[in-house]
Amino acid sequence: MSRSAHPAGPRHADVLTEGHYSAPAADLNVLDEKVWSRTVTRDADGGLTVGGIAVARLAEEFGTPAYFLDESDFRARCRAWADAFGPDADVFYAGKAFLSRAVVRWLKEEGLNLDVCSGGELTTALDAGMPAERIAFHGNNKTVAEIERAVEAGVGRIVLDSFQEIVRVAHTAQRHGVRQRVQIRVTVGVEAHTHEFIATAHEDQKFGIALADGQAAEAVRRALSLDGLELIGVHSHIGSQIFDMAGFEVSARRVVQLLAEVRDEHGVELPEIDLGGGLGIAYTSEDDPREPHEIAKALSDIVTRECEAAKLRTPRISVEPGRAIVGPTAFTLYEVGTIKPLEGLRTYVSVDGGMSDNIRTALYDAEYSVALVSRTSDAEPMLVRVVGKHCESGDIVVKDAFLPADLAPGDLIAVPATGAYCRSMASNYNHALRPPVVAVRDGEARVIVRRETEEDLLRLDVG
Ligand code: LLP
């Protein structure tokens, strides 16, 4: 089939009726540094390299699909967050974005703390040597067993999410003869500009205890009355992939108001507030995320200002970025399989992975970009939809993007910014084998999470 019979972009664009895409970049070979991890470049032959290693070599050694994580970029982002917030604040990496023992060790070495939200994440953190006092334990429905383990391990804080949990944690701590440091997660009533399923601070959802109807003040009352608890502060997380700082400002203001009310009622100045995570990253060239130092300044300015107005001592601030640290540091490498040009619509490019390694497009309508990375091409841009190999028409990895019209089976393409919530939300749908995560740094590549095997699948099958 002649590819020139199915040319691309602008012609397809005229008839495209759904989807969102911008005009193709002037030169598809140019990698937008906003969406790629920091050591990614093209080498003299036009192939992409990361950490000094060509993707062709990585594909040969580790196979596809695979996630390649730029370790020095990850570490640099950890340091940038820690430096931006300085010694009077704490940065907790949100492990749900992506967690493995290697990541825990990097966090430990770079001076970050860790937010975990399940027994599995807690085990990984402790197993890799994260000191328990640097761990925060989250979740809207921690099991009794999880609470037990967290208290026993001596985690630095448990973030209380319900009235039942206030009592459970207090009793568990008392049984262990300790006072557990806790925060109360409040819902501040902010609608962050993000997808409904990942916005968390409006009232009609499952997380936290509402400020608006006095429930949060009541939760503080109860927590202060229980011997097993040391209430260190209040926590708010307003959502994910947020660019607009206004939501954080409102949240900070409301949290500080609560601290003032607590001071007035109980004569206690709670020493800490946590403003959660949720900072957006660039998935496509159209996204403009803020730098950690801008975020740190904006947050600390507002907290300081509000505290001065309320005549409160400024509390110690903590934040919990997940996506903003790990998201930009990895890309997923795929091999192109079948290519189906649909006349007058677009070209479907199938890859050897799909919704099992990146569910975000199907789940949240997330936007991603994609590039041909095994070579450069001067062919004209072709409007494509990158799809996976699953038995589902919603199995889309990149909804609308441009790739060169001479794309052929066997080419390698990569989707950048897949470090967060891709491997951690990966599934075995259709008995897919979850891809490995390979850390690349200074010319060396090593597997930090291995590829699943068919034996792994069969091992769980006991019938
Ligand atoms: N802190 C708390 C209490 C959280 O619930 C979360 C995310 C974070 C911090 C980290 O948020 P980040 O900085 O990574 O946005 N699966 C969705 C995201 C769900 C996030 C849930 N909580 C996605 O793929 O976009």
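Counting restarts for each chain: residues are numbered from 1 in the order of the written sequence. This being a predicted model, a pLDDT of at least 70 is required before a residue's local features are given, and a value of 80 or more before pairs of side-chain atoms are given or counted; all residues contribute to the totals for chains, interfaces and linings. Excluded from the side-chain calculation are hydrogens and water; included are all heavy atoms of the structure.

We call a residue near a molecule or strand when any one of its heavy atoms sits within 4 Å of it. The ligand sits among 19 residues. The nearest are Gly278, Glu320, Arg323, Arg360 and Tyr421. Within the side chain of Ser240, an N or O atom sits 3.1 Å from an oxygen atom of the ligand. We call two N or O atoms a polar contact when they sit within 3.5 Å, provided that within protein one can donate a hydrogen and the other can accept it, with sequence-adjacent residues counted only if both atoms are side-chain atoms. Residue Arg360 places a side-chain N or O atom 2.5 Å away from an oxygen atom belonging to the ligand. Surface accessibility in these figures is a Shrake-Rupley result with a 1.4 Å probe; residues are shielded only by whichever protein chains are displayed. Relative to its unbound accessible surface of 580 Å², the ligand loses 92% to contact with the protein. Residues are grouped as follows: Ala, Val, Leu, Ile, Met, Phe, Trp, Tyr, Cys and Pro are nonpolar; Asp, Glu, Lys and Arg are charged; every other residue, Gly included, is polar. The residue inventory of the shell around the ligand, partitioned by class, reads six nonpolar, seven polar and six charged.

Sheet faces and side chains relate simply in a regular strand, where the side chains alternate between the two faces. Within strand β19 (residues 412–416), five of the five residues are buried, leaving the element largely enclosed by the surrounding structure. For every residue, the accessible area (1.4 Å probe, protein chains only) is compared with the maximum for its type, and the residue is labelled buried under 20%, exposed over 50%, or partly exposed between those bounds. Numbering goes from the N terminus for both helices and strands, where a helix is a DSSP run of H or I of at least four residues and a strand is a run of E of at least two. Residues Leu412, Ala414 and Pro416 of β19 are buried on one face, and the alternating residues Ile413 and Val415, pointing to the opposite face, are buried as well. Here, a strand pair is defined by DSSP locating no fewer than two bridges between the strands. Strand direction decides the pairing type here: strand β16 (residues 371–372) and β19, joined by two bridges, are antiparallel. Bridging across to β19, Ala371 finds its partner in Ala414.

Note: strand β4 (residues 66–70) against strand β14 (residues 330–342), four bridges, orientation antiparallel. Paired with Tyr67 across the bridge in β14 is Thr332. Sheet topology note: the β14/β19 ladder contains five bridges and is antiparallel. Across the sheet, residue Leu333 finds its bridge partner in β19, namely Ala414. Two elements, β14 and strand β15 (residues 346–351), share five bridges in a ladder whose sense is antiparallel. What sits directly across from Leu342, in β15, is Arg346. Once β14 ends, the chain turns through three residues before running back antiparallel as β15, passing Gly344 with a positive phi of about 80°.

Next up on the list: the confidence of the model for the protein chain. Here the protein chain averages 93 in pLDDT, while 93% of its residues score no lower than 70. Across residues 1–17, where pLDDT falls below 50, the model places 36 contacts with residues more than four positions away in sequence or in other chains. Each residue carries a pLDDT value, the predictor's own confidence for that position, ranging from 0 to 100. Residues are treated as being in contact if the distance between any of their heavy atoms lies within 4.5 Å.

Turning next to the domain arrangement of the protein chain. Either an automatic procedure or a domain database provided the assignment from which the domain bounds are taken. What the domain assignment lists for the protein chain is domain 1 (12–70 + 328–452) and domain 2 (71–326). Taking only C-alpha atoms into account, the centre of domain 1 sits 33 Å from that of domain 2. Buried area between domain 1 and domain 2, summed over both chains or domains, comes out near 2800 Å², and the portion from carbon and sulfur atoms is 55%. In what follows, salt bridge is the name for a side-chain nitrogen of Lys or Arg lying within 4 Å of a carboxyl oxygen of Asp or Glu. Inspection of the domain 1/domain 2 interface yields four salt bridges. A salt bridge links Arg441 to Glu71, with the nearest nitrogen and oxygen atoms 3.1 Å apart. Counting every contact that joins domain 1 to domain 2 gives 17 residue pairs in polar contact (both at pLDDT 80 or more). Of all the elements in the fold, those that place two or more residues in the side of domain 1 that touches domain 2 are β4, α12 (360–364), β20 (437–441) and β21 (444–449). The term buried area refers to how much accessible surface (probe radius 1.4 Å) is lost by two components on association, counted for both of them together.

Our next topic: the sheet that holds strand β2 (residues 48–50). With respect to topology, three strands assemble into an open sheet ordered β1-β2-β3, the strand pairing being antiparallel. The open sheet terminates on both sides in strands that have one partner only, identified here as β1 (41–42) and β3 (53–54). Bridge count between β2 and β3: two bridges; the pairing is antiparallel. Across the sheet, residue Val50 finds its bridge partner in β3, namely Ile53.

To continue, consider the side chain of Glu320. With respect to the element layout, Glu320 can be found in the loop between β13 (316–319) and α11 (323–326). Charge assignment in this entry is limited to Lys and Arg as positive and Asp and Glu as negative, and neither His nor the chain termini are counted. Within the buried set, Glu320 has no salt-bridge partner at all; the shortest N-O distance to an opposite charge, 5.4 Å, is to Arg157. Only 2.7 Å separates the side chain of Glu320 from the side chain of His138, close enough to count as a polar contact. Of the polar contacts made by the side chain of Glu320, one reaches the side chain of His235; its length is 2.9 Å.

This part covers the environment of Ala44. Here Ala44 is to be found in the loop between β1 and β2. By relative accessible area, Ala44 is classed as exposed at 85%.

Take helix α4 (residues 101–109) next. Considered for burial, the residues of α4 that qualify are Ala102, Val103, Val104, Trp106 and Leu107. Looking at the residues trailing α4, positive phi occurs at Gly111, about 85°.

Time to look at the packing of helix α6 (residues 144–153) against helix α7 (residues 163–175). Fitting a line to C-alpha atoms yields each axis, with helices limited to the stretch in contact; the angle taken between N-to-C directions then spans 0 to 180 degrees. Interaxial distance between α6 and α7 falls to 10 Å at its minimum, and their mutual angle equals 45°. Between α6 and α7, the crossing angle belongs to the class labelled oblique. As for the relative orientation of α6 and α7, their crossing is right-handed in sense. In this structure, α6 uses Val144, Ile147, Glu148 and Val151 to contact α7, whose residues at the interface are Glu165, Arg168, Val169, Thr172, Ala173 and Arg175. For the contact of α6 with α7, the class distribution of residues is five nonpolar, one polar and four charged. Reported orientations rely on four angle classes, namely roughly parallel under 35 degrees, roughly antiparallel over 145, roughly perpendicular from 65 to 115, and oblique for the rest. Note on convention: near helix rotated counterclockwise from far helix by under a right angle means a left-handed crossing. Clockwise means right-handed.

Let's shift gears to the nonpolar core. Within this scheme, the nonpolar core is defined by two criteria: the residues are buried Ala, Val, Leu, Ile, Met, Phe, Trp, Tyr or Cys, and they are joined through side-chain atoms within 4.5 Å. The biggest cluster of nonpolar side chains holds 111 residues, and the ones touching the most others in it are Phe74, Tyr93 and Ile413. In terms of residues, this core owes the most to one element, helix α9 (residues 246–266), which gives eight residues. Counting residues domain by domain, this core receives three or more from each of domain 1 (12–70 + 328–452) and domain 2 (71–326). With 22 residues, the next largest nonpolar core counts Leu48, Ala371, Val438 and Val440 among its residues.

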